[in-house]
Amino acid sequence: MSGRFAPSPTAALHLGNLRTAVLAWLFARSTGRGFRLRIEDLDTRRVRAAGEVAAQQVRDLATLGLDFDGEVVWQSARLDAYAAAVAQLDTYECYCTRKEIADAPSAPHADGYRPYTGVCLRLTAAQRAVLASTRRPALRVRADGERFSVTDSLAGEFTGVVDDFVLVRNDGVPAYNLAVVVDDLAMGVDQVVRGDDLLSSSPRQAWLATRLGGVPPTYAHVPLALNRDGVRLAKRDGAVTLADLAALGMDADRILALLARSLGLAATGETVQLPQLLARFDPLRLPREPWVVDPTDYADADVNRMSIT
Ligand SMILES: [Zn+2]
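Residues numbered from 1 in each chain as written. Predicted model: local features only at pLDDT ≥ 70, side-chain atom pairs only at ≥ 80, totals over all residues. Heavy atoms only, no water.

Trainee: Looking at this model, I keep getting lost on the coordination of the zinc ion. Mind explaining?
Mentor: Around the zinc ion, the donor atoms from the protein are Cys94 (SG), Cys96 (SG), Tyr116 (OH) and Cys120 (SG), and they sit 1.9 to 2.3 Å away. Geometry at the zinc ion is tetrahedral, judged from its four donor atoms and the angles of 105 to 118° they form at the metal. Each donor residue of the zinc ion lies on the same chain, and together they follow the pattern C-x1-C-x19-Y-x3-C. Of this pair, cysteine 96 sits in the loop between strand E4 (91-94) and helix H4 (98-103) while tyrosine 116 sits in the loop between H4 and helix H5 (125-132), placing them 20 residues apart in sequence. Like tyrosine 116, cysteine 96 is buried. (Donors = N, O, S within 2.8 Å, 3.2 Å for Na, K, Ca; no water. Tetrahedral: all angles 85-135°; square planar, octahedral: opposite > 155°, others 65-115°. Helix = DSSP H or I, 4+ residues; strand = E, 2+ residues; numbered from the N terminus. Buried < 20%, exposed > 50% of the residue type's maximum accessible area, 1.4 Å probe, protein only.)

Trainee: How should the packing of helix H3 (residues 79-87) against helix H6 (residues 176-186) be read in this particular structure?
Mentor: Geometry of a packed helix pair, given as the angle between the helix axes and the separation of the axes. Here H3 crosses H6 at 100°, and the two axes come no closer than 10 Å. Classified by the interaxial angle, the pair formed by H3 and H6 is roughly perpendicular. Side by side, H3 and H6 meet where Ala81, Tyr82, Ala85 and Val86 of the first sit next to Leu178, Ala179, Val182 and Asp183 of the second. Classifying every residue of the contact of H3 with H6 by side-chain character gives seven nonpolar, no polar and one charged. (Axes fitted to C-alpha atoms, helices over the stretch in contact; angles between N-to-C directions. Parallel < 35°, antiparallel > 145°, perpendicular 65-115°, else oblique. Contact = heavy atoms within 4.5 Å. Nonpolar A, V, L, I, M, F, W, Y, C, P; charged D, E, K, R; others polar.)

Trainee: Hey, could you run me through the domain arrangement of the protein in this one?
Mentor: Where interface size is given, it is often the accessible area lost as the parts come together that is meant. In terms of domain boundaries, the protein breaks down into domain 1 (2-77 + 223-305) and domain 2 (78-222). Each of domain 1 and domain 2 was reduced to a C-alpha centroid, and the two centroids are 28 Å apart. At the junction of the two partners, domain 1 supplies 28 residues and domain 2 supplies 29 residues. The contact between domain 1 and domain 2 buries some 2,400 Å² in all, and 52% of this surface belongs to carbon and sulfur atoms. The largest share of the area that domain 1 buries against domain 2 comes from Arg4, Phe27 and Leu42, three residues that together contribute 25% of it. Taken together, the connections running from domain 1 to domain 2 amount to six salt bridges. Where domain 1 meets domain 2, there are 16 residue pairs in polar contact (both at pLDDT 80 or more). It is helix H1 (residues 15-30) that contributes the most residues to the side of domain 1 that touches domain 2, five residues altogether. Classifying every residue of the side of domain 1 that touches domain 2 gives 13 nonpolar, six polar and nine charged. (Domains from an automatic or database assignment. Buried area = accessible area lost by both parts, 1.4 Å probe. Salt bridge = Lys/Arg side-chain N within 4 Å of Asp/Glu carboxyl O. Polar contact = N/O pair within 3.5 Å; in protein donor to acceptor, adjacent residues only side chain to side chain.)

Put into structure tokens, the structure is as follows:
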């Protein structure tokens with residue numbers, strides 16, 4: 001059984017992504033699990049050189065010392081597996097546009113997600129034919145508003161309503177919620193560690209795992225990294241990628257130390273290696289607040305250090 005890290009090759013990994021990767025590795029290795037790497041490249045056709053971005057992500061993870069088991073899995077090579085999963089499920093075509101769903105009279109969840117109200121399930125054949133002449137349908141799974149609970153190491157038991165969510169988008173691309181579930185089952189992943197922005201989608205995914213004959217994984221949804229404005233960290237927030245930090249003179253050890261400090265696993269100025277972090281790791285003592293990343297902190301510290309030595 002395994003944990004996993006599953007980046008999307010849209011941009012270089014930043015400190016927030018790397019911190020989640022370190023956490024996923026610690027969760028997996030501290031529980032005797034394997035650790036798998038999956039490149040989530042289904043929706044990167046518009047990203048220039050997604051293959052090169054992914055290759056750099058793999059190198060960055062290795063630079064930090066994270067090791068993986070088995071082959072790297074690329075979602076773009078698994079379209080047949082997603083189609084086979086869809087064929088096992090009770091599905092229907094949905095012709096709604098994004099705007100129609102946004103305007104539908106359903107209460108949005110706290111994260112802005114609007115549960116689908118099942119409009120297209122109730123279309124007559126004639127209505128369907130009219131829509132089909134001008135629009136390509138998405139494919140939704142029929143869930144009948146079931147409630148489903150997951151167990152999260154940090155959030156405890158978390159329950160959500162499973163709506164008729166999209167399995168295949170109207171451009172033919174398998175949806176995230178489908179692909180991750182199919183892949184985790186195929187890869188023997190029984191522990192999912194990722195950013196807590198995905199907690200709300202976990203009941204849908206866990207439910208889908210059971211529908212596909214599998215057992216849902218255990219989850220740990222970890223706090224995200226934010227910039228100084230409280231917004232989710234992004235590459236534009238300054239020196240936040242390994243390449244940026246290397247340009248400041250920060251080597252992998254210093255970056256690992258920075259991540260370890262943010263997790264309460266190292267003291268200021270202490271150099272640590274992954275085996276030490278593994279020995280110190282205790283999920284119950286992880287910070288529950290987001291990590292606010294301010295590049296001027298470590299950049300200034302670096303300048304000071306250089307001027308002293
Ligand atoms: Zn619809």
